[in-house]
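So you can see what is in the structure, the chains are spelled out below.
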Amino acid sequence: MIKKKKNKKFNMNLIFLVIIIMALTGIIANPKLSLNSAIAGINTWFNIILPSLLPFFIISEILIGLGFVDFIGKLLEPLMKPLFNIPGEGAFPLTMSLLSGYPVGTKITSRLREEKLITKNEGNRLICFTSTSGPLFMLGAVSIGMLNDSKISPLIIIPHYLSVLVLGLFFRFYNSSNTPLIKRQKRNIFQEIQDSYITWSKTKKSIGSLIAKSVKESMDTIILIGGLIIFYSVLVEVLFSMKFFNTILYYISNLLNLDSQLIKGTIIGFFEMTIGCKNISLSNISFINKILVINFLIGWGGLSVHSQALSFINSTDLNSKLYIISKFFHGILSSIFGYIIYLLKYQDYVQTTFYNSIPFNIQYSFSNWVFLLTSSTRLALTLSIYVFFLSILVSIIYEIFKRLNLSL
């Protein structure tokens, strides 16, 4: 068994080494393409990723340090525990991920595990359904920017989030028998607030040092993400500019009698989601087939997203293989739900196969950059306030039902 594992690891390393050598060969043979793809990756990171995700990272780090996540976790326990078999703290990365996108949920989940706010089994369940794409990407970039039709956005967004719910309900049974039962002392909201303040004050951290540490941690994370985006941008463009890969695509296309652009987009999407979806939108296939493949790629996320997520997961004791498996099923479920919604509502919807007419270029604009940064900050703060009031509402409703049951 040990020998088989070593052979499997050796084969994976060998494949990766071959890909890297081919990529280096392509970079040397075509330096201009490599430079252009690297610039495209930098533009994506600086103009979209940096202003969009940095506020979420900084605010989440500050809230975790202040004990805010621990506080709402105690209040949301009656909601999250019966549904997903995770503590109430899991509501925070789930909410942040649903509205901000990759890889915020995985980053926050890993931080909760590092701070020991969740157990190992709870963290493993949580990473299986808190890694999601954001609605702005699915609506703006894919539905409008690539497919030129905002009316079909429910075919992409609804299946993606329905799959998250199904994954959460399914993985609630993962190692459920090994989860220790933690009995918490019954407290009201004011006692919980007081307890959270006392816990934070014992850390003897000033607000200034907490903010400085949060900014440093967040900048380290965002720079890491930027490096991975640039790496995969160059890797994908260089590999698929080589005659060797194009020849393989040609033979596969003839063998399966499929559009070569579809095969190319699917393979590219395996590495990098955005470029893969772009290629699928240009393929000469039916409308529903485009949707199904795009839904799978967005649910899967691509190796670029996985590399970002695994950089956080591997700093903890969480199961990275479980994360990869869940993302594969996320893609499968998104395609299935997309097809069901298509049969229920969009079967008579007429949309011809077309080529994209809207240029999907990322150009720098200071006003747009500042607007995106401020909008993301506002959204992150609004989400935090929303989760705070939701946790209080859930706690009040739970107390009412508990008293009613006692009186009956």
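Quick caveat: nothing in here was measured; it's all calculated off a predicted structure. (Residues numbered from 1 in each chain as written. Predicted model: local features only at pLDDT ≥ 70, side-chain atom pairs only at ≥ 80, totals over all residues. Heavy atoms only, no water.)

Asks: How should the environment of Thr109 be read in this particular structure?
Replies: By secondary structure assignment, the location of Thr109 is in helix α5 (residues 104-114). Spatially, the C-alpha atom of Thr109 lies 8.5 Å from that of Ile313, the residues being 204 residues apart in sequence. Those residues in contact with Thr109, other than ones at most four positions away along the chain, are Pro93, Ile118, Gly123, Leu126, Ile127, Thr130 and Leu318. Within the structure, the side chain of Thr109 is placed 3.3 Å from the side chain of Thr130, a separation counted as a polar contact. (Helix = DSSP H or I, 4+ residues; strand = E, 2+ residues; numbered from the N terminus. Contact = heavy atoms within 4.5 Å. Polar contact = N/O pair within 3.5 Å; in protein donor to acceptor, adjacent residues only side chain to side chain.)

Asks: Help me understand unusual backbone geometry in this model?
Replies: It is generally the case that most residues other than glycine have a negative phi and that most peptide bonds are trans. A cis amide bond links Tyr102 to the next residue, Pro103, at an omega of -10°. Along the chain, the position of Pro103 falls in the loop between α4 (91-100) and α5. Notably, Asn148 is not glycine yet its phi reads approximately 60°, a positive angle. Residue Asn148 is classed as partly exposed on the basis of its relative accessible area, which comes to 27%. (Buried < 20%, exposed > 50% of the residue type's maximum accessible area, 1.4 Å probe, protein only.)

Asks: Help me understand the side chain of Ser304, please; the structure alone is not making it clear to me.
Replies: By the secondary structure assignment, Ser304 is in helix α15 (residues 302-313). Excluding residues that lie within four positions of it along the chain, Ser304 makes contacts with Leu228, Ile229, Tyr232, Phe271 and Glu272.

Asks: How should α15 be read in this particular structure?
Replies: Helical geometry: 3.6 residues make up each α-helical turn, so side chains three or four residues apart lie on a common side. In this model, α15 (twelve residues) spans 16 Å end to end at C-alpha, consistent with the 16 Å of a helix rising 1.5 Å per residue. Along α15, the residues that are buried comprise Gly302, Ser304, Val305, His306, Gln308, Ala309, Phe312 and Ile313. If you follow the buried residues of α15, they end up packed against α5, α6 (120-127), α10 (207-239), α12 (260-271), α14 (287-300) and α16 (320-346). (Expected span 1.5 Å × (residues − 1).)

Asks: Would you mind going over the packing of α10 against α15 with me for this structure?
Replies: Packed helices, taken two at a time, are described by the angle between their axes plus the distance between the axes. It is the contact of α10 with α15, at a shortest axis distance of 9 Å, that shows an interaxial angle of 150°. Our classification of the angle between α10 and α15 gives roughly antiparallel. In this structure, α10 meets α15 at a crossing whose hand is right-handed. In this structure, α10 uses Thr221, Leu224, Ile225, Leu228, Ile229 and Tyr232 to contact α15, whose residues at the interface are Leu303, Ser304, Ser307, Gln308, Ser311 and Phe312. Split into classes, the residues belonging to the contact of α10 with α15 amount to seven nonpolar, five polar and no charged. (Axes fitted to C-alpha atoms, helices over the stretch in contact; angles between N-to-C directions. Parallel < 35°, antiparallel > 145°, perpendicular 65-115°, else oblique. Left-handed = near helix turned anticlockwise from the far one by under 90°. Nonpolar A, V, L, I, M, F, W, Y, C, P; charged D, E, K, R; others polar.)

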